[in-house]
Amino acid sequence: MFNRTPPKTKEEMIARIKTIPEHRNTLDPFVTTLYDAFGFTVFMRSVIPCSGGEEVIKRVMEQIKPKRAVVFGTNRGVSTARVAQFCEEVHTFDVVDSDMTERIWGLLGLKNIVKHVIRDNAEKARIVAGLEFDFAFLDGDHERDYQTDFELTKRCGAVLVHEYWPSSPVMAFMDSLTMGSLRVEGGNFAVWTASKVEDAPVSSEEAQGEPKPFVSPYDDPNAPKTPQKRGRRKTRAETDVGA
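Below is a summary of the structure that appears in this document.

Quick notes on the overall build of the protein chain
Summing up its helical and strand segments, the protein chain has nine helices and eight strands in all. Looking at the 243 residues of the protein chain, the share that counts as buried comes to 51%. Of the contacts formed within the protein chain by residues at least 6 apart in sequence, a portion of 64% connects residues at least 24 apart. When the accessible surface of the protein chain is summed, it comes to about 11,700 Å², and 51% of that surface belongs to carbon and sulfur atoms.

Given below as C-alpha cells:
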C-alpha cells in the first residue's frame, strides 16, 4: 500500500526521495525539472520517483542500449519520457489519454515518442505486431495483462517489468519462465533478457551480508517489507534461447 499524500514543498520531496536506495543520495534533474513545472501530482501513479524508476530505467537502458522501445502503461507519460531519453523511438500504449503527456514531453524536448490510445488489447496486439523494437517496459494492467503483454513483447529480447514483489502475479509469472535470464533490479523491478546480460555492479554495502529491505518514503510504514537485491536473483538457462 502506498501513502499518496504529496509532499508540501520541493525540499520535503527531495528529502523523502533521497531516502530511496536507488537514488544513492542524488536526485536526477529529470525529476526536479518536472516537479518545478507541474508539482508533485505529475508523479502520481508513476514509478518515478517513488520507486526510484528514473534510476532503474537509466541503468537498464544504458546497459542494453536499445534503439526502439515499447511502453505499456502511458499514464501521464513520465516513465515513457525517461525511456525516450535513452533510445531513438518509443511507442507507448494506454487505454486512457492524458492531456499532460504532450506538455511533459514538450518540456523535456522529446520528439521521438508515438502515443497510441487504444480501445482494447486486440488493438494493441495488432499495432505491436507491426513494430520493430528491441526493448519493452511493461507497466500496464498488472492483474490481468501481464502474461499477454509479455507474450506480445518478448520477441524483442529485453523486457523490464514493475510490480515484481511477493504475492504479485507478475513475480509468479516471471519466475515461472524457463527461457532466458531474469535479474532483479531495485524498486520492485525485474529485467528479463533472451540471453544472459552481465550483472550490474553492486555497492560495497550490497556486497556485505543480506540485502536491506527496499523502503520507499511513500510506503505504508506498517506494510511488510521484502528484501530487494540488485544483481541476479536466480540462474536461468544461459544459452541464447530465442523468445
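Regarding the pairing of strand 3 (residues 113-117)
Bridging between strand 2 (residues 89-94) and strand 3 involves five bridges; their strand directions are parallel. Its bridge partner being in strand 3, His 91 is matched across the sheet by Val 114. As a crossover connection, the stretch from strand 2 through helix 5 (residues 101-107) into strand 3 is right-handed.

Focus on unusual backbone geometry
A cis amide bond links Ile 48 with the next residue in sequence, Pro 49, at an omega value of -5°. Positive phi outside glycine occurs at Ser 167, with the angle close to 80°. Here Ser 167 lies in the loop between strand 5 (158-162) and helix 8 (169-176). Owing to a relative accessible area of 77%, Ser 167 belongs among the exposed residues under this scheme.

Section: the nonpolar core
Judged by nonpolar contacts, the single largest core of 38 residues is most densely connected at Phe 43 and Leu 160. Formed by 25 residues, the second largest nonpolar core is a distinct cluster that contains Phe 72, Ile 118, Met 174 and Leu 182.

Comments concerning the environment of Leu 110
Mapped onto the secondary structure, Leu 110 falls in the loop between helix 5 and strand 3. Each C-alpha atom of the pair Leu 110 and Arg 82 lies 9.8 Å from the other, and the pair is 28 residues apart in sequence. Among all residues touching Leu 110, those that are not within four sequence positions of it are Ala 81, Ala 84, Gln 85 and Trp 105.

Cut-off values and rules
Residues numbered from 1 in each chain as written. Predicted model: local features only at pLDDT ≥ 70, side-chain atom pairs only at ≥ 80, totals over all residues. Heavy atoms only, no water. Helix = DSSP H or I, 4+ residues; strand = E, 2+ residues; numbered from the N terminus. Buried < 20%, exposed > 50% of the residue type's maximum accessible area, 1.4 Å probe, protein only. Contact = heavy atoms within 4.5 Å. Areas by Shrake-Rupley, 256 points an atom, 1.4 Å probe, with all protein chains shown as cover. Pairing = 2+ DSSP bridges. Right-handed = clockwise from strand over helix to strand, strands pointing away. Core = buried A, V, L, I, M, F, W, Y, C linked by side-chain atoms within 4.5 Å.

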